[in-house]
Amino acid sequence: LREEGNKLFRAGQLPQAIEYYTKSLALSPRNVLVLCNRSAAHLKAGNASLAVEDASAAVFHDPTHTKAYHRRASALEAQGDYAGALKDFQVLAKHLTTSNQVVEDVRRVLRLQQSEGRKVKSETQAQVAAAAASTAEKYLSRLPRPKSTAEFERSTKALAQSPELLAAFLKDIPVDSYKKLFKDSI
């Protein structure tokens with residue numbers, strides 16, 4: 001299904017590609033490659049918010065997958081969230097130290113952020129915060145509850161850069177399930 005989605009993506013048939021990626025994710029919801037591919041398709045189709053959601057899910061499932069950070073950074077940039085895009089591009093720059101493209105991406109986003117910073121007022125920041133809260137809520141609702149200590153650790157590491165998301169994630173886990181999660185550690 002992923003390969004068929006890739007063919008359709010290359011042919012520019014984005015809605016059909018997204019459909020195949022979605023079918024593939026129904027079979028394997030944690031497939032980081034498919035999440036990244038669907039993120040790219042959403043972004044190219046002009047739906048940056050769905051692209052951010054898929055890329056964020058990919059980062060959550062594999063915080064070492066650099067393409068997931070690139071997809072999310074590109075989608076955040078398309079949304080005008082230059083600070084968020086810059087964070088992800090900086091993560092990439094740490095891992096891909098020889099990539100000229102990442103250096104160019106960081107410079108471009110810094111320029112955009114600086115020019116936008118001259119225009120942005122507190123009301124826009126409030127709108128961004130509201131949109132971020134909405135995205136966070138949607139993102140958290142898609143996250144499965146951890147079933148093991150390893151899943152819990154992976155989740156908390158992926159969410160460590162966002163204290164609000166981490167707090168919401170921890171609040172969503174029923175107190176009585178912590179004993180089960182850490183039974184091997186206790």
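You'll find the structure just up there.
In this text the structure is predicted, and so the values were computed from the model without any measurement.

Pairing between side chains of opposite charge can happen when their charged atoms approach one another. Under the counting rule described, the total for this entry stands at seven salt bridges. Among the salt bridges present, the one from E3 reaches R2, with a minimum N-O distance of 3.7 Å. On the accessibility criterion, E3 (44% relative accessible area) is partly exposed. R2 gets classed as partly exposed once you look at its relative accessible area, which sits at 28%. Between E151 and R30 there is a salt bridge whose closest N-O contact spans 3.5 Å. With a gap of 121 residues between them, E151 in helix α9 (residues 149-159) and R30 in the loop between α2 (14-27) and α3 (32-44) connect regions that are remote in the sequence.

The subject of this paragraph is helix α5 (residues 66-79). In this model α5 runs 20 Å from its N-terminal to its C-terminal C-alpha over 14 residues, within 8% of the 20 Å that 1.5 Å per residue would give. A positive backbone phi angle near 90 degrees is found at G80, which sits one or two residues after α5.

This part is about the packing of helix α4 (residues 48-61) against α9. At a minimum axis distance of 8 Å, the contact between α4 and α9 shows a crossing angle of 130 degrees. With respect to each other, α4 and α9 are oriented oblique. On α9, the residues touching V59, F60 and H61 of α4 are R154, S155 and A158. Residue composition of the contact of α4 with α9, by class: three nonpolar, two polar and one charged.

Another aspect to go through is the packing of aromatic side chains. By the definition in use, this model includes zero aromatic pairs. Above the face of the Y20 ring, K23 is positioned so that its terminal group lies 5.1 Å from the ring centre.

With that settled, the discussion passes to the environment of L43. Examined against the element boundaries, L43 turns out to sit in helix α3. Leave out the neighbours within four places in its chain, and L43 touches A48, A51, S74, A75 and A78.

Another aspect to go through is the nonpolar core. A58, F89 and V109 are the most contacted members of the largest nonpolar core, which totals 29 residues. Elements with a contribution of two residues or more to this core: α2, α3, α4, α5, α6 (82-95) and α7 (100-119). If we skip the residues at most four places from it in the chain, F89 touches H70, A73, S74, E77, V102, D105, V106, R108 and V109.

The end-to-end C-alpha separation of α6 is 20 Å, in line with the 20 Å expected for 14 residues at 1.5 Å each. Buried within α6 are the following residues: Y82, G84, A85, L86, D88, F89, V91 and L92.

Criteria and cut-off values
Here the residue numbering is sequential within each chain, running from 1 through the sequence in written order. Local features in this predicted model are restricted to residues whose pLDDT is 70 or higher, and side-chain atom pairs enter the listing and the counts only when it is 80 or higher, whereas totals over whole chains, interfaces and linings include all residues. To get the side-chain values, take all heavy atoms of the structure and skip hydrogens and water. Salt bridge, as applied in this entry: a Lys or Arg side-chain nitrogen positioned within 4 Å of an Asp or Glu carboxyl oxygen. Between buried and exposed lies partly exposed: a residue is buried under 20% and exposed over 50% of the maximum accessible area for its type, with that area taken using a 1.4 Å probe on protein chains only. Segments assigned H or I by DSSP are reported as helices when at least four residues long, segments assigned E as strands when at least two residues long, and all are numbered from the N terminus. Between the first and last residue of a helix there are one fewer steps than residues, each counted as 1.5 Å, and that sum is the expected span. Under this scheme, a helix contributes an axis fitted over its contacting stretch, all axes are lines through C-alpha atoms, and angles between N-to-C directions fall in the 0 to 180 degree range. Roughly parallel here means an angle under 35 degrees, roughly antiparallel means over 145, roughly perpendicular means 65 to 115, and every remaining angle is called oblique. Here, residues are in contact when the closest pair of their heavy atoms is within 4.5 Å. Residue polarity is assigned by list, with Asp, Glu, Lys and Arg as charged and Ala, Val, Leu, Ile, Met, Phe, Trp, Tyr, Cys and Pro as nonpolar; anything else, Gly included, falls into the polar class. In summary, the pairing rule links any two rings of Phe, Tyr or Trp, Trp by its six-membered ring, whose centres are within 6.5 Å, and it sorts them by plane angle into stacked for under 30 degrees, edge-to-face for over 60 and tilted for everything else. Comment: the charge-over-ring label is applied if NZ (Lys) or CZ (Arg) is within 6 Å of the ring centre and within 35 degrees of the ring normal. By convention a nonpolar core is built from buried Ala, Val, Leu, Ile, Met, Phe, Trp, Tyr and Cys residues, the set being connected through side-chain atoms within 4.5 Å.

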